[in-house]
Amino acid sequence: MSGEVVLALEDVRHAFGDVAVLDGVSLDVKAGSVTCLLGPNGSGKSTLLSIAAGLRTPDDGAVTRRTAGAARSVGYLPQRPAFRPQFTVAETIAFYGSLVPMEIDETATLGQVGLDGVADRQVENLSGGMVRLLGLAQATVGSPPIVVLDEPASGLDPQLRHHIADVIADLAANGAAVLMATHDLGAAERIADEVRVLDDGAFVAGGSPAAIEAETGTDLLEGAIDALIDREDAIGVRSGTAGDRG
């Protein structure tokens with residue numbers, strides 16, 4: 001399935017009351033790839049992710065998930081993962097494993113994020129970074145073909161951010177279609193196959209990190225994002241997907 005589009009959003013629109021949050025957003029995410037959503041706070045990233053994951057229904061537009069035969073269609077990591085504090089790490093993964101119709105190797109699931117050494121530790125005794133890793137582990141339970149991650153490395157130290165980026169890259173290498181929002185531009189530059197820049201509810205750019213940097217005449221994504229947000233109308237980078245707004 002690598003290279004096949006397994007998640008597609010077409011002309012998605014959503015508003016909270018009179019406030020439009022997404023305005024005609026279209027996006028394809030392929031198996032075996034990492035797509036990173038970048039943009040300022042309040043640009044609509046979390047809303048887009050919740051719609052992609054099936055947690056929210058858009059006001060208009062279509063969402064297609066091609067996950068036939070999967071034990072779990074979508075794995076999702078929210079910005080602030082929360083678990084039962086009295087559960088151990090292993091018990092937490094066992095609980096999520098009980099929700100899917102397949103055997104779960106708890107040790108392997110924890111091992112892929114580096115938590116197998118603290119399997120017997122209670123959640124209330126985990127550091128913030130470990131809770132984030134546990135959230136990433138639960139998002140992979142059942143081997144979902146689509147993994148949606150909302151700021152998986154937010155607030156973490158550089159070493160842990162690097163580790164999480166490696167875990168995400170491994171998920172894609174094993175065939176998952178990963179869609180994530182992040183402010184970690186270094187990770188996006190290193191692992192993203194496609195970057196989408198969201199501003200005021202619409203995409204203002206899309207393409208590989210190198211393509212976006214070339215279009216904006218910058219050397220790093222940080223400079224490219226600054227250029228895109230500051231002079232949106234002057235930027236011609238587009239992925240060619242219908243519904244994007246320049």
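As shown above, the structure is provided for reference.
Criteria and cut-off values
Residues numbered from 1 in each chain as written. Predicted model: local features only at pLDDT ≥ 70, side-chain atom pairs only at ≥ 80, totals over all residues. Heavy atoms only, no water. Pairing = 2+ DSSP bridges. Helix = DSSP H or I, 4+ residues; strand = E, 2+ residues; numbered from the N terminus. Axes fitted to C-alpha atoms, helices over the stretch in contact; angles between N-to-C directions. Contact = heavy atoms within 4.5 Å. Buried < 20%, exposed > 50% of the residue type's maximum accessible area, 1.4 Å probe, protein only. Arc of directions from axis to C-beta.

A.B. asks: What is the right way to read the sheet that holds strand β1 (residues 5–16) from this model?
C.D. replies: Within a sheet, each strand pairs with its neighbour through backbone hydrogen bonds, oriented either parallel or antiparallel. Read across the sheet, 3 strands follow the order β2-β1-β4 without closing on themselves; strand pairing throughout is antiparallel. Across the chains shown, the open sheet's two edge strands, defined by having one partner strand only, are β2 (19–30) and β4 (60–65). The sheet shows a mean angle of 15 degrees between the axes of neighbouring strands, direction not considered. This element, helix α1 (residues 45–52), spans β1, β2 and β4 of the sheet and lies at about 125 degrees to β1.

A.B. asks: What am I meant to see in helix α7 (residues 209–216) here?
C.D. replies: Owing to its 3.6 residues per turn, the α-helix brings residues three or four apart onto one side. When we look at burial in α7, the residues that qualify are P209, I212, E213 and T216. Around the axis of α7, the buried residues are gathered within 100 degrees of arc, so they sit on the same side. Among the exposed residues of α7, those oriented more than 90 degrees off its buried face are A210 and A214. G217 sits one or two positions beyond α7 and adopts a positive phi of about 70 degrees.

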